[in-house]
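So the chains spell out like this:
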Amino acid sequence: MTDLRLAFLSSCTSEFLQQPLKSALELFSVRPSIWTGGFGQYRQDILNPKSELYEYTPDVIVLCLDGPDLLQEINENPFGFSEKARRDCAEDCAAETATLVDTLAQRLPQTTILLNTLAVDPLNTFVGLEYNSEFGIQDVVATYNRSLSALARRLPMLKIVDVASLAADIGFKNWYDSRMWYLARSRWSRTAAKALAELYAAAIGSSLGRLRKCVVVDLDNTLWGGIVGEDGLAGLSLGEDGIGRSYVEFQQELLNLYSKGVLLAVCSKNNPEDALHVIRRHPAMRLREQHFAAMRINWEDKASNLRALAEELNIGLDSFVFIDDNPVERSLICQVLPEVLVPDWPADSGEYKRALLELSAKHFYKTGITAEDRRAGEAYRAQAERRKLQESATSLEDFHRTLEMRVRIGRADTFTVPRIAQLTQKTNQFNLTTRRYSEAQISSMTQDPNCAIWWLDLADKFGPNGLVGVLLLRRLTAEVWAIDTFLLSCRVMGRTVEDAFLAVVAHEMDASRLIGEYRPTAKNSVVRDLYQRFGFHQTGVDGHGLLWELEKPTTRLTIPKWFEIEVASSGLVSAAI
Amino acid sequence: MNTVRRIQEVIARSLGIPLDRIQPDTKAADIAEWDSLHHFVIAMEVEEEFGFKLSLEELAELDSVQKILDSIAHRVAA
């Protein structure tokens, strides 16, 4: 359970969101304490530098500006606004929102801000007039919402939450409860409050990196209709028309997840040849062998198979989502492996696509796609190639040399902030201190002269690995730096990349002394003796772990000779320093 | 389970308090936790539990176990 300080600023009554939000956040192991601004006071709370909001130092701010509140003038005088007047209104609203968000971003640079898109009830006096006459309101909403995109691109700590789309999905007649409005000035029905809370929780969970990583799918009656062992390839329901199309569209959504960096795996009770024949040869398959990071196609029990998949992919069972049409299989996994997410799956294949999208909206909620995300699936396949090479190499040194590794190291910038934050959130094994940072926090630290954030990008003869290492140092004195964070993606462990990384950074920083920390966790014992290996000596123990120190690191740390190194900041290319 | 008992459970659950604090003659004024905010929480839970929708007036005045019972009696064979 993580504690979270959440500030809620709203243009209307927000009390009814609190309990649903607390429940929804439990799903992401987040326990919020919630501060709410006074009714209608959000402008004052934000603009007054001495307001309670700033004393509260929230981790997350939800700024909830409801459509009818911002567009009150138009609602009260619907035919008094020309197109031009409406355009001015939209621009004024957008400008004011930008000012409010900029103020928050300046004063609380490490806080994540969630801002909603506007929605107005489409059942209004403009029905018919909208788009056909000089009157309407949708243009104001569209102009305002479009302005939010530019705002989000400018401010890395701001995430836009698309409440307008959520209201459309739920249906406005279900969104608005007139009784709650007249009696309590609250615009949300019970259904709306629950859905909105879930959306905010997904956005918050996402900013903290609490996403699942892998979808494991069954094959028969899940990826296609029918049972390949009985019906044969030709007898399966999978095609561009009719019922078979429901499976094709489901596969397409899985493929979309793959493109966002979610891993796909297969767990099916079948003869491998029968199943692979369909995956390789069926013309209507959208998913092919290369899209799956791993497969378990055999007659063993699925719980054992899932455990094996977790080990092969080197991710925790709590990163898995298990999709299977068979309720008996689902029930087994629920019981035996409770950390795996097993969504209730519809009996009707016509509902598969929607069920997957609803699940993704919660557990695969992403606000950006990094280059590493795009390559995640491929990366796992390349990993299998590297493992084969390692097995055939005559020595470890030989293996490292034949990998032809090329390392690029550089300082964090706007472009690399999201991936750096992502790594701090998901890396557990090669992580000396396991400090988790949001994008807002990393971004803020890049502006701090007493902070140095370095990334490492690795490529080898099998392809790019992407940005896989982070070193975050904090200045203690002019030349003494403490290593706050030192991590490497587990995919690149065991290749001495860490040696190159620390040596190059120490050289670039010209540090006279480095202080290291090892904070033991259940998962990072692999780096317990890392600093010792580098020649640091232990200086003490504090409440969290062990402290280490290294004098004159530039002379003590050496770069292994099998790397080609490029330091991005200075543009140097060197084989060794 | 009889209706009064179900109402007591809904209220106790909505307010997060023990069941025995809610009696058939309990009013909102008697319970500190039963404030204007929780008034609506209880009303929504009553609707969910008994499967009907309160009118605007009923919702405004639902401030005792008895009133809840009356609103149900109007609709459902208790």
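Rules and cut-offs
Residues numbered from 1 in each chain as written. Chains lettered and ligands numbered in written order. Predicted model: local features only at pLDDT ≥ 70, side-chain atom pairs only at ≥ 80, totals over all residues. Helix = DSSP H or I, 4+ residues; strand = E, 2+ residues; numbered from the N terminus. Buried ≥ 20, exposed ≤ 12 C-beta atoms within 10 Å, placed from the backbone. Contact = placed C-beta atoms within 7 Å. Nonpolar A, V, L, I, M, F, W, Y, C, P; charged D, E, K, R; others polar. Pairing = 2+ DSSP bridges. Axes fitted to C-alpha atoms, helices over the stretch in contact; angles between N-to-C directions. Domains from an automatic or database assignment.

A. Structural context of the overall build of chain B. A count of helical and extended segments in chain B gives four helices and zero strands. The helix and strand sequence of chain B, counted from the amino end, reads α-α-α-α. Taking the principal axes of its C-alpha atoms as reference, chain B extends roughly 30 × 30 × 20 Å. Expressed as a percentage of its 78 residues, the buried residues of chain B come to 22%. Long-range contacts, defined here as pairs at least 24 residues apart, represent 48% of the contacts in chain B between residues at least 6 apart.

B. Quick look at the interface of chain A and chain B. In this complex, chain A contributes eight residues to the contact, which on the side of chain B involves six residues. Sorting the residues of the side of chain A that touches chain B by element identifies α1 (15–26) and α10 (178–184) of chain A as the ones contributing at least two each. In terms of residues, the side of chain A that touches chain B owes the most to one element, α10 of chain A, which gives five residues. Among the residues making up the side of chain A that touches chain B, the classes are represented as five nonpolar, no polar and three charged.

C. Layout of the sheet that holds strand β5 (residues 158–161) of chain A. Residues and elements named next belong to chain A. Read from one edge to the other, the open sheet built from five strands follows the order β2-β1-β3-β4-β5, with strand pairing classed as parallel. Strands at the two margins of the open sheet, each flanked by one partner only, are β2 (30–36) and β5. On average, adjacent strands in this sheet sit at an angle of 25 degrees to one another, irrespective of strand direction. As judged from the four bridges shared by strand β3 (residues 60–64) and strand β4 (residues 112–116), these two strands associate in the parallel manner. When the sheet's bridge partners are listed, V60 is paired in β4 with T112.

D. View of the pairing of strand β15 (residues 537–541) of chain A. Residues and elements named next belong to chain A. For β15, the buried fraction is low: zero of the five residues fall into the buried class. Where β15 lies against strand β16 (residues 546–551), four bridges are found, and the strand directions are antiparallel. By the bridge assignment, Q538 is partnered in β16 with W548. Here β15 folds back onto β16, and the loop between the two strands holds four residues.

E. Region of the structure containing the sheet that holds strand β8 (residues 292–298) of chain A. Residues and elements named next belong to chain A. Ordered by their spatial adjacency, four strands build an open sheet running β8-β7-β6-β9, and the pairing between neighbours is parallel. Each having just a single partner strand, β8 and β9 (320–323) make up the two edges of the open sheet. On average, adjacent strands in this sheet sit at an angle of 15 degrees to one another, irrespective of strand direction. Here four bridges tie strand β6 (residues 214–217) to β9, and the two strands are oriented parallel to one another. Note that in β9 the partner of V216 across the bridge is F322. Across the sheet, helix α15 (residues 302–313) touches β6, β7 (263–269), β8 and β9, and the angle it forms with β8 is around 150 degrees.

F. Up close: the pairing of strand β10 (residues 405–411) of chain A. Residues and elements named next belong to chain A. Summarising the sheet, β10 and strand β17 (residues 563–567) pair through five bridges and their orientation is parallel. In the strand pairing of β17, V407 is matched with I565. Both β10 and strand β11 (residues 451–460) contribute to a ladder of six bridges, which runs antiparallel. Within β11, the position partnered with I409 by the bridge is L456.

G. Region of the structure containing the environment of L389 of chain A. Residue and element names in this part refer to chain A. Relative to the elements of secondary structure, L389 occurs in helix α18 (residues 371–392). For the pair L389 and T402, spaced 13 residues apart in sequence, the C-alpha separation works out to 8.6 Å. Residues in contact with L389, not counting those within four places in the same chain, are F399 and T402.

H. Just the domain arrangement of chain A, in detail. Residues and elements named next belong to chain A. Split into domains, chain A comes out as domain 1 (2–207), domain 2 (214–363) and domain 3 (372–574). One C-alpha centre belongs to domain 2, the other to domain 3, and the line joining them spans 35 Å. Listed by partner, the interface residues are 11 residues for domain 2 and eight residues for domain 3. Looking at the side of domain 2 that touches domain 3, the elements with two or more residues in it are α13 (242–259) and β7. Residue composition of the side of domain 2 that touches domain 3, grouped by class: five nonpolar, five polar and one charged.

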